Each structure stands twice: as C-alpha cells, then as structure tokens.
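This is what each chain is made of:
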Amino acid sequence: MSVLNKKTVEDLDVKGKRVLVRCDFNVKMENGVITSDKRVVASLPTIKYLLSQGARVILCSHLGRPKGKVDPEFSMAPVAECLSKYLGQEVKLASDVVGESAQALASSLKDGEAMLLENVRFEPGETKNDEELSKKFAALADVYVNDAFGSAHRAHSSTAGVAAFVKESAIGYLMQKEVEVMGKALENPVRPFVAILGGAKVSDKIGVIENLLEKCDTLIIGGGMAYTFMKALGHQIGDSLLEADKVDLAKETMAKAEEKGVKFLIPVDNKVGKEYKPDTEAMIVNSDEIPDGWMGLDIGPETQKLFADAVKGAGTVIWNGPMGVSEWENFAAGTIAVAKAVADSGAISIIGGGDSAAAVKKLGFADKMTHISTGGGASLEFLEGKELPGIAAIDDK
Ligand code: AMP
C-alpha cells in the first residue's frame, strides 16, 4: 500500500459538513504567551481551503504535556486568539475536548465557520488511543482530516483512532507535502540518490540506515555515530563516541553496502578536541590516527570535500543529523559545509526534522531546500519505512 495513494482535502466534498481537523498547534509558549506562531501559520492553508469550500471546521491539537487532565497552563485559548487574528473571523474555543461545550459549539457551527476544541491531551484516553474517546471525537464531525505530521507516528485517539468512526477521512496540505516529497524519494527517487546521516548514535539511526541502504546509491555517515564505523574498520578512535555493542552491526552494514554496490562514505579526517567543551583545544587528524585523549567532534576539511563531491550531481538528497557538535561554533564547519553542498546541489533536497532541520534554518539555507520536514520522530520513522498510524488510518483514494 503506497502512502502516495491517500485521500487529500481536495478529494473531499465538504460543503455544509462538519470537518474535524487534527492540527499541530503545539506552539512555543512562555508565561501564557505564544513566542512562535509558525505552526499556526503553517496550518492555515488547509483551514482556509476548508472554510472557502463552506465546511464547518472543528480544529483540534495537543499543546505541551498536560498528562491526561485539565491544566489551565496548557489551554488552547492563546491559539484560538491567534487563529482568529490570521483567519479574520472569530474561532470560538470550546471549554472542553468532547464534552457538552464542544458538542454545543459543533452543532451550532454554520458553513464557513471554525471552532477549536480544548487541548486533546486534557483527555486521559487520548494517548491511549481509547476507543470511546475516538468515537466521541467522531461524533462531533462527518469528516476527519489529519494535518499533524509531527504526531503521525503516534496512535492516539485524535491522530489515528477517530478515523475509523467517521464517514470519510483525508490528509491536509501539510501532511500531503511531507508524504509526497518523502514518499516519492523512498518509492521512486530521482537518481543518483544520496543519503547523509549524522547525529550522535548508531542505535537511533540504524533503522533509517538499513532502510535507505536498500534504496540509495550513496550512503554518507558523519557525526558521532561515524566513530563506531571507524572502530569497525579497525581504526584508533581515541576517546570519540563509541557504541561498542554496535561495532558488529556497523561491520555488517558496510559489508551489505558493498554487496549492494552502494557507495559508503565515512569521514577520512576529523576535527578532534581534548575535552567535550565548546572552546577545547582542537586539531585536525586522519581517521586512522585519532590519539588517545582526543575525541572527534566534527568532520575535517578533506571529508567536507569528499562529502560535498558525493552530493554534486545527485538527483535526490536526504539528510538527517549533524556532522559534528554543530551547536558549538568551533565544531560546526562540517555541518555548514554539508548544508551548503546540499543547498547548491540542485537535487531534490529533503531535510529530516530535529537537529538537522534546526541547523539548516539557523545557518540560513532553509530557502534552498526542497523540503524541511516538520516532524522529528515522525520523519525518522517514515524514513525507516515504518507505517505511521496517523497516515495509515486515512482512507485510500
Ligand atoms: P541526533 O539527535 O541523533 O541527530 O544527534 C544530534 C546530536 O549529536 C547533537 O546534539 C550533536 O552535538 C551530537 N553530535 C554530533 N556529532 C558528534 C560527535 N562527533 N561527538 C559527540 N556528539 C556529537
């Protein structure tokens, strides 16, 4: 079953229908004030489209971690205000999630009007994907739309369970872009297909490595996890990050790459530091001669060139995870060089969520990428080839 075959909002006839839309309004807040409303803004295309079609729109999301009980600190009230401002019409807030207030407001909605439910995680059944709660969500609406990619790897009532109890379901525009860009890269990539994986641990990324090894032409490993691969090659890695119990797995992975004819690149040189500190004494050394008492904290200049050359001429590049401790200026050069190479490659460029997305944005390359995923955990699971419950639950076309 292809993820590219899911119904989208444009496949729906929503005039006069009540449409429950699961958004990601998990905005950054400080003392009850929204400090970044980017997620609300990102949700507007789906909401505006539905309103323009005469739908009666019931919005919902989680916000923070209220742990299954009502907690005013995590009320959606600031989000309702923010939505009203952007939509130029009042978005009324229910005082509960699926109770009397939500039901009354939902049944009084007119075509082209929108309302917002209280924080779905005020309900203890939400994160348990409780069937009774899913049915209550469904009873509010005729149609369900999921536009919250960042929560799509969770089987919760508002992200997955509800879909089974409505007449029709679809994905929203945000989710559609995630699924189309990443789905095409995995199912039918423009070649050569280069995958770049970095970050701290092999154990966090092994699922992605294994899945992409089946599909890509070149696999590049950088960041802290590269040292476990160097160890597997018999190199001295000094005090660099090592997952000793993953050395055999690293060997097997490299053997598999060779067998499949996938070009497998790890750093040939490194910027090593004396201590795990931003301003530690540092030097450049080759990968087979990292002295004891030193640790690899970034890829070196030769590796920057090697990786940049591998990206040149690529048709598709997927990148997840920094090449070093990019939070520290002294060890950010490798990540910056790779970001620049990906941005200049002309390839379809996909940045997995989390740290690499943050690095690309901070370094000013965001506009040059085809797609920066909005989901950290969700995009990793997607790249692992796992079925995401929030997408699987949606009707096929
Ligand atoms: P991840 O969340 O798995 O993408 O890993 C990101 C984290 O990996 C960042 O916090 C980096 O500081 C860390 N990291 C990357 N390279 C290294 C390295 N060579 N040594 C230690 N930590 C690293």
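About the thresholds
- Numbering of residues starts from 1 in every chain and runs along the sequence as written.
- For this predicted model, a pLDDT threshold of at least 70 governs which residues receive local features, and a threshold of 80 or more governs which side-chain atom pairs are given and counted, while totals over whole chains, interfaces and linings are taken from all residues.
- The side-chain quantities take in all heavy atoms of the structure and omit both hydrogens and water.
- Numbering goes from the N terminus for both helices and strands, where a helix is a DSSP run of H or I of at least four residues and a strand is a run of E of at least two.
- The cut-offs for exposure are 20% and 50% of the maximum accessible area for each residue type, with area from a 1.4 Å probe on protein chains only; residues under the lower value are buried, those over the upper are exposed, and the others partly exposed.
- Whether two residues are in contact is decided by their heavy atoms: any pair within 4.5 Å suffices.
- Accessibility throughout is a Shrake-Rupley quantity obtained with a 1.4 Å probe, and a residue counts as covered only by protein chains that appear here.
- At least two DSSP bridges between two strands are needed for those strands to be called paired.
- Note on ring pairs: Phe, Tyr and Trp rings are taken, using the six-membered ring of Trp, and paired if centres are within 6.5 Å. Classes follow the plane angle, with under 30 degrees stacked, over 60 edge-to-face and the rest tilted.
- Either the NZ atom of lysine or the CZ atom of arginine qualifies as a charge over a ring when it sits within 6 Å of the ring centre and within 35 degrees of the ring normal.
- For each residue, the test is whether any non-hydrogen atom lies within 4 Å of the molecule or strand; if one does, the residue is near.
- Any N or O atom pair separated by 3.5 Å or less is treated as a polar contact, with the protein-specific requirement of one donor-capable and one acceptor-capable atom, and with residues adjacent in sequence counted only for side-chain atom pairs.
- Each residue gets one label: Ala, Val, Leu, Ile, Met, Phe, Trp, Tyr, Cys and Pro are nonpolar, Asp, Glu, Lys and Arg are charged, and the others, such as Gly, are polar.

(A) The arrangement of the overall build of the chain in detail. Counting its regular elements, the chain contains 13 helices and 17 strands. Across its three principal directions, the C-alpha atoms of the chain cover 70 × 45 × 35 Å. Going through the 397 residues of the chain one by one, you find that 54% of them count as buried. Contacts in the chain between residues at least 24 apart in sequence constitute 73% of all its contacts with a sequence separation of at least 6. Accessible area of the chain: about 16,900 Å², with a carbon and sulfur share of 48%.

(B) Spatial organisation of the pairing of strand β12 (residues 269-273). Here β12 lies mainly inside the structure; four of its five residues are buried. Relative to strand β13 (residues 282-286), β12 runs antiparallel, the two being bridged by five bridges. Considered in β13, the bridge of G273 is made with A282. Bridge count for β12 against strand β14 (residues 295-299) is four bridges, and the pairing is antiparallel. Residue G273 lies in a different strand from β14, and its bridge partner there is M295.

(C) View of the packing of aromatic side chains. Here the structure, examined in full by the defined rule, presents five aromatic pairs. Judged by centre distance (4.7 Å) and plane angle (55 degrees), the rings of Y276 and W328 are tilted. Taken as a pair, Y276 in the loop between β12 and β13 and W328 in the loop between β15 (316-320) and α10 (333-344) lie far apart in primary sequence, 52 residues in all. Taking relative accessible area as the criterion, Y276 reaches 52% and is therefore assigned exposed. By way of ring pairs, the aromatic residues Y276, W328 and F331 are connected into one cluster. A cation over a ring is seen here: K85 above Y86, with NZ or CZ 4.7 Å from the ring centre.

(D) Broad picture of the pairing of strand β8 (residues 168-171). Here β8 shows two buried faces, one formed by E168 and A170 and the other by S169 and I171. Here strand β7 (residues 143-146) pairs with β8 via four bridges, running parallel. Residue pairing in the sheet places Y144 in a bridge with S169 of β8.

(E) Examining the site of the ligand more closely. By nearness alone, 15 residues border the ligand, and A200, G224, G296, E327 and D355 come closest of all. At a separation of 3.1 Å, an oxygen atom of the ligand approaches a polar side-chain atom of K205. For the ligand, whose free accessible area comes to 500 Å², the fraction covered by protein is 83%. Split into classes, the residues belonging to the shell around the ligand amount to six nonpolar, six polar and three charged.

(F) Examining the side chain of S157 more closely. Within the secondary structure layout, S157 lies in the loop between β7 and β8. Judged by its relative accessible area of 0%, S157 is buried. A polar side-chain atom of S157 sits 3.1 Å from a polar atom in the side chain of S134. Among residues more than four places away in sequence, those in contact with S157 are G125, E126, N129, D130, L133, S134, F137 and V162.

The quantities given are spatial measurements derived from coordinates; they are silent on function.
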